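Report on the structure
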Amino acid sequence: MATEAHGEATGLSFHPMDQFIVRPLFSDGEVHWYTPTNVTLWMFVIVLATLALLVMGSRGRAIVPTRGQSVAEMAYGMVHKMIADIAGKDGLKYFPYIMTLFMFIVFANLLGLLPMAFTVTSHIAVTGVLALAVIVGVTVIGFVKNGVHFLDLFWIRSAPLAVRPILAVIEVISYFVRPLSLSIRLAGNMIAGHAVIKVFAGFAAIAAVAPVAVVAVVGMYAFEVLVAFVQAYVFTILTCVYLKDALHPSH
């Protein structure tokens, strides 16, 4: 009844946010922590797609690479260079995790653009776990590698002594805000783009504005493909920045 009232109030016969609802795969009941859902299904598809590209696509290692091998090698080279440039050679030790993180987010974003697909990165529950894993991981690395000297990250020695405590508080707050900024940025961009596409698609059913709506949908799809890569790139490059801070905490 609430959904119908909402539709009557807005004049919409569709609901752009319905595409983000988590639903059980095998029943119409409640969703529990152990219930297989559309999120579970698409995460499994993302893993299979990643394995297909990185394992099956590059299995031949041909001198003249196939398309799949070329894409896999480009992704490998880009992430490898990103880590080396930002975190240094010490950061390459963590290349497997960062490469996996990048490929998971890219495929999650791109596969979410398929008709009837589910965009798992539109949920804070997913992006929050990814971000929290990054922050907890780099924090552990920082303490293991540097001991208490990791806390030098929050003590800006180049600043005047009188303002260092204030800056330290600001640095601590900004450090613990990192997982929020990482997760909200990614999920927010996915939600916004998909909702706009759904709105334009709804207007395509109206003959008077259908041509404009169709062009808008095509344009937004092209833009969302770009956003899918950009958001994965931003998430990964910020992970490398945080890793650099953990490996080299001194200001």
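Cut-off values and rules
- Residues numbered from 1 in each chain as written.
- Predicted model: local features only at pLDDT ≥ 70, side-chain atom pairs only at ≥ 80, totals over all residues.
- Heavy atoms only, no water.
- UniProt positions renumbered as here; feature names shortened; annotations may be inferred.
- Axes fitted to C-alpha atoms, helices over the stretch in contact; angles between N-to-C directions.
- Helix = DSSP H or I, 4+ residues; strand = E, 2+ residues; numbered from the N terminus.
- Parallel < 35°, antiparallel > 145°, perpendicular 65-115°, else oblique.
- Nonpolar A, V, L, I, M, F, W, Y, C, P; charged D, E, K, R; others polar.
- Core = buried A, V, L, I, M, F, W, Y, C linked by side-chain atoms within 4.5 Å.
- Buried < 20%, exposed > 50% of the residue type's maximum accessible area, 1.4 Å probe, protein only.
- Phe/Tyr/Trp six-rings, centres within 6.5 Å; stacked < 30°, edge-to-face > 60°.
- Left-handed = near helix turned anticlockwise from the far one by under 90°.
- Contact = heavy atoms within 4.5 Å.

In the nomenclature of an unreviewed UniProt entry, the chain corresponds to ATP synthase subunit a from the organism Paracoccus fontiphilus. Heading Function (unreviewed entry) of the UniProt record for the chain holds this comment: "Key component of the proton channel; it plays a direct role in the translocation of protons across the membrane." What UniProt states about the chain under its Sequence similarities (unreviewed entry) heading is, verbatim, "Belongs to the ATPase A chain family."

Concerning the packing of helix H6 (residues 164-203) against helix H7 (residues 210-247)
Two elements in contact, H6 and H7, have axes separated by 8 Å at closest approach and are oriented at 170°. Classified by the angle their axes make, H6 and H7 are roughly antiparallel. In the contact of H6 with H7, the residues fall into 19 nonpolar, five polar and four charged.

Section: the UniProt feature "transmembrane region" (unreviewed entry) in the chain
With numbering aligned to this structure, UniProt lists the feature "transmembrane region" (unreviewed entry) at residues 39-57, 94-118, 124-144, 197-218 and 225-244. The straight-line gap between the two end C-alpha atoms of residues 124-144 is 29 Å; of that span, 100% is helix and 0% is strand. Spanning residues 197-218, this segment combines 73% helix with 0% strand, and its end C-alpha atoms are found 9 Å apart.

Considerations on the nonpolar core
When a protein is soluble and globular, its nonpolar side chains tend to lie buried together. By size, the foremost hydrophobic cluster in this structure holds 49 residues, and its most contacted members are Ile-105, Val-120 and Phe-235. Mapped by element, the contributors of at least two residues to this core are helix H2 (38-56), helix H3 (67-86), helix H4 (95-111), helix H5 (124-146), H6 and H7. The element best represented in this core is H4, accounting for 12 residues.

Overview of the packing of aromatic side chains
Throughout the structure, instances matching the rule amount to seven aromatic pairs. Where Trp-33 meets Tyr-34, the ring centres are 5.5 Å apart and the plane angle is 90°; that geometry is what we call edge-to-face. We note that Trp-33, like Tyr-34, is exposed. Through a chain of ring-to-ring contacts, three or more aromatic side chains come together here, namely Phe-143, Phe-150, Phe-154, Tyr-175 and Phe-176.

Some thoughts on the packing of H3 against H4
Where H3 contacts H4, the axes come no closer than 10 Å and their chain directions differ by 125°. Taken together, the axis directions place H3 and H4 in an arrangement best described as oblique. Crossing angle aside, the handedness with which H3 passes H4 is right-handed. Of the residues in H4, those touching H3 at Ala-75, Tyr-76, Met-78, Val-79, His-80 and Ile-83 are Phe-95, Ile-98, Met-99, Phe-102 and Met-103. In the contact of H3 with H4, the residues fall into 10 nonpolar, one polar and no charged.

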